[in-house]
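Fold and geometry: a report
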Amino acid sequence: MSGLRILAVASEMFPLIKTGGLADVVGALPRALAALGIEVRTLVPGYPAVLSRLGQAHALATLDDLFGDRGELLTADLDGTQILVLEAPHLYDRPGGPYQAPGGHDWPDNARRFAALGWVASEIARGRLGDWRPDIVHAHDWQAGLAPAYPALASGPRPPTILTIHNIAFQGQFGAHLLPELRLPPQAWSVNGVEYYGGIGFLKAGLYYADRITTVSPTYAREIQTSAYGMGLEGLLRTRAADLTGIVNGIDETVWNPATDPHLPAPYTADDLAPRARNKAALRAQLGLEETDSPLFCVVSRLTWQKGMDLLIEALPDLVAQGAQLAVLGSDRDEYTNAMTGALERYPGRTAGAMRLDEPLSHLMQGGADAILVPSRFEPCGLTQLYGLRYGCVPVVARVGGLADTVVDANDAALGDGVATGVQFAPVTVEGLRDAIARAIELWRDRATWAAIQRRGMSRDVGWRARAKQYAALYHSLVPERGRLEHAA
Ligand code: ADP
């Protein structure tokens, strides 16, 4: 047992609160690390959804002045993982999502809401709240970006810090006038500090002050050092290249297991894929798709530019003309929700969509569709292609970020060597996507080849074990003296 103690800091954690892949990672990593003897406690904001799912919680400390009012630090056990919940009604007790009001606008006080998260992380890290002190602070995304900044700006000892970028498109940029309100000292106002394009950049601050930076795939780690993907932060990331690594996300193999999935009418394994046909039929029935001898593609995604959904809308007539079907699970107020709904309605029986968050349907899609389309313009890691691999729902993906790192394209060489697990395409254009769909349909028509691709994907290691070992190695590299002490003991 290594005995390392990690304070994870994040704005989402499955199953408490989730808007995207970040929550899945923050939820799953602690359990995988626990198996390696590493203790993680995760600090999350006390949104109503979090507090209502908390169960038995204990008060750890009271914060008399938490950015405008009182706050309480609670601790609770969530299926074996210790969580720390920042209960602060003036910051988090409101309807809507974690970042946005019900109308879809960002909460106007997001700077304060997430500065408070970073501040409390810093207080815990510096031993000023409760008696548990972490060896390392591991912050996730811009919402936790100030967690590495506050301790670095304070005097006195502090543990090393890590910032993980899940998506560099979300940067947390706020007005410079907030500096004192956010308890940032004047010396923080510098290009060598929190200043970013004339404002305060939370992600920028985290990237500047963290001792190490990770992102969620090796390819994305390289991409974000270029102007095409860095979204303004490429220069800073290049200066920090020696401290930047990419670790691909795993998936929760207990939640995502086609052999035991309660959302599938017909569970199955790689040894016997035949039951998948019943899931396909159930999926078609649920969405009103015709029962025909044709490949069924699915999409489980935010319907945004990043995810290439405009490209898919353009490629749709071609997909249908080639005899394929498409099922889309999206959400109700995305950039392309209306356009997608309109496009899908043009081919009744051939294409269909559900515009809502629907966890059971997301499982049925993976367990019933033949292939999952992920035509992202950029994709830090991506999870749905990993679920696809595990479920024999062959991923058809853009060759970017984590998609490039996790899917092996079924080109002739890969097919010959028996290593293909999906279809990749580049450049990420309508033509590229059309070609990829055409290639997938052709592969599907050769049933033996298709089944081999499915089975190979299902045999890939997409769990957290191997990935957690990479995080553990990173942690140990930051506090080598802990390792030495244990060897001595
Ligand atoms: P991102 O975090 O950029 O949205 P990821 O692929 O990393 O993309 O993670 C998306 C996660 O959200 C996956 O777990 C996926 O299954 C889930 N998801 C996306 N849309 C829906 C939906 N409408 N209903 C249920 N789950 C969804």
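Keep in mind it's a predicted model, so treat the numbers as computed, not measured. (Residues numbered from 1 in each chain as written. Predicted model: local features only at pLDDT ≥ 70, side-chain atom pairs only at ≥ 80, totals over all residues. Heavy atoms only, no water.)

What about the sheet that holds strand β8 (residues 173-174)?
An order of β8-β10-β9 is seen for the three strands of this open sheet, with the pairing classed as antiparallel. The open sheet is flanked by β8 and β9 (195-196), the only strands paired with a single partner. One ladder, built from two bridges, connects β9 with strand β10 (residues 199-201); its direction is antiparallel. Considered in β10, the bridge of Tyr 196 is made with Gly 199. In the packing of helix α6 (residues 202-209) onto the sheet, the strands contacted are β8, β9 and β10, and the crossing angle to β10 comes to about 60°. (Pairing = 2+ DSSP bridges. Helix = DSSP H or I, 4+ residues; strand = E, 2+ residues; numbered from the N terminus. Contact = heavy atoms within 4.5 Å. Axes fitted to C-alpha atoms, helices over the stretch in contact; angles between N-to-C directions.)

Here we look at the site of the ligand
Around the ligand, the surrounding shell holds 19 residues, and the nearest of these are Gly 21, Arg 302, Lys 307, Gly 330 and Arg 356. Arg 302 places a side-chain nitrogen or oxygen 2.8 Å from an oxygen atom of the ligand. Interatomic distance of 3.3 Å between a side-chain N/O atom of Tyr 387 and an oxygen atom of the ligand. Here the ligand has 570 Å² of accessible area as a free molecule, and 90% of this is covered by the chains. The residue makeup of the shell around the ligand, split by class, is five nonpolar, seven polar and seven charged. (Near = heavy atom within 4 Å. Polar contact = N/O pair within 3.5 Å; in protein donor to acceptor, adjacent residues only side chain to side chain. Areas by Shrake-Rupley, 256 points an atom, 1.4 Å probe, with all protein chains shown as cover. Nonpolar A, V, L, I, M, F, W, Y, C, P; charged D, E, K, R; others polar.)

Regarding the pattern of salt bridges
Evaluated as defined, the whole model comprises 23 salt bridges. The residue Asp 370 makes a salt bridge to Lys 280 at a minimum N-O spacing of 2.7 Å. Linking Asp 370 in the loop between α12 (359-368) and β16 (371-374) with Lys 280 in helix α9 (residues 276-287), this pair joins segments that are 90 residues apart in sequence. When the shortest N-O distance is used, the salt bridge between Arg 284 and Glu 291 registers 3.0 Å. Relative accessible area serves as the criterion here: at 2%, Arg 284 is assigned to the buried category. Each of Arg 94, Asp 109, Arg 112 and Glu 181 takes part in one network of salt bridges that share partners. (Salt bridge = Lys/Arg side-chain N within 4 Å of Asp/Glu carboxyl O. Buried < 20%, exposed > 50% of the residue type's maximum accessible area, 1.4 Å probe, protein only.)

Concerning the environment of Arg 333
Counting through the fold element by element, Arg 333 comes out in the loop between β14 (325-330) and α11 (337-345). Relative accessible area serves as the criterion here: at 58%, Arg 333 is assigned to the exposed category. Considered as a pair, Arg 333 and Gly 80 are 253 residues apart in the sequence and their alpha carbons are 35 Å apart.

Some words on the pairing of β16
Residues Ala 371 and Leu 373 point to one face of β16 and Ile 372 and Val 374 to the other, with burial holding for every one of them. For strand β13 (residues 296-300) and β16, the ladder comprises two bridges, and the chain directions are parallel. Its bridge partner lying in β16, Phe 297 is registered against Ala 371. Sheet topology note: the β16/strand β17 (residues 394-398) ladder contains four bridges and is parallel. Within β17, the residue paired with Ile 372 across the bridge is Pro 395. A crossover connection joins β16 to the parallel β17 through helix α13 (residues 384-391); in handedness this β-α-β unit is right-handed. (Right-handed = clockwise from strand over helix to strand, strands pointing away.)

Observations concerning unusual backbone geometry
Across the junction of Phe 14 and Pro 15, the peptide omega takes the value 5°, indicating a cis bond. Residues Ala 426 and Pro 427 are joined by a peptide bond in cis, for which omega reads -5°. The residue Pro 427 is located in the loop between β18 (423-425) and α16 (430-445) in this model. The phi dihedral of Arg 183 falls on the positive side, at around 60°, and the residue is not glycine. Locating Arg 183 in the fold gives a position in the loop between β8 and β9. Positive phi is not limited to glycine here, since Tyr 197 has a value of about 50°. Within the element layout of this structure, Tyr 197 appears in the loop between β9 and β10.

As for the packing of helix α1 (residues 21-34) against helix α18 (residues 465-478)
Their axes nearest at 9 Å, the elements α1 and α18 cross at an angle of 75°. Between α1 and α18, the angle is such that the two are roughly perpendicular. When α1 is examined against α18, the residues Leu 29, Ala 32 and Leu 33 are found in contact with a partner set consisting of Ala 468, Tyr 471, Ala 472 and Tyr 475. Grouping the amino acids of the contact of α1 with α18 by side-chain chemistry returns seven nonpolar, no polar and no charged. (Parallel < 35°, antiparallel > 145°, perpendicular 65-115°, else oblique.)

Remarks on the packing of helix α10 (residues 309-321) against α16
Their axes nearest at 9 Å, the elements α10 and α16 cross at an angle of 40°. Classed by the angle they form, the pair α10 and α16 counts as oblique. In this structure, the crossing between α10 and α16 has a hand that is right-handed. Between α10 and α16, the contacting residues are Leu 311, Leu 312, Glu 314, Ala 315, Asp 318 and Leu 319 on the first element and Val 430, Leu 433, Arg 434 and Ile 437 on the second. (Left-handed = near helix turned anticlockwise from the far one by under 90°.)

Regarding the packing of aromatic side chains
Under the defined criterion, the tally for this structure stands at 13 aromatic pairs. Ring centres 3.7 Å apart and planes at 10° place the aromatic pair Trp 256 and Tyr 387 in the stacked group. Separated by 131 residues along the polypeptide, Trp 256 in the loop between β12 (244-246) and α9 and Tyr 387 in helix α13 bring together distant segments of the chain. In terms of burial, Trp 256 and Tyr 387 fall into one category: buried. Of the aromatic side chains, those joined through ring pairs into one cluster are Tyr 99, Phe 114, Trp 142, Phe 174 and Phe 202. The ring of Trp 107 has Arg 94 sitting right over it, with the charged end atom 4.7 Å from the ring centre. A cation over a ring is seen here: Arg 447 above Trp 444, with NZ or CZ 3.8 Å from the ring centre. (Phe/Tyr/Trp six-rings, centres within 6.5 Å; stacked < 30°, edge-to-face > 60°. Lys NZ or Arg CZ within 6 Å of the ring centre and 35° of its normal.)

Regarding the nonpolar core
In this structure, Leu 287, Phe 297, Leu 326, Met 340, Met 365 and Leu 373 are the most contacted members of the largest nonpolar core, which totals 78 residues. When near neighbours in sequence (up to four residues on either side) are disregarded, Met 340 contacts Leu 303, Met 309, Leu 312, Ile 313, Val 328 and Met 355. (Core = buried A, V, L, I, M, F, W, Y, C linked by side-chain atoms within 4.5 Å.)

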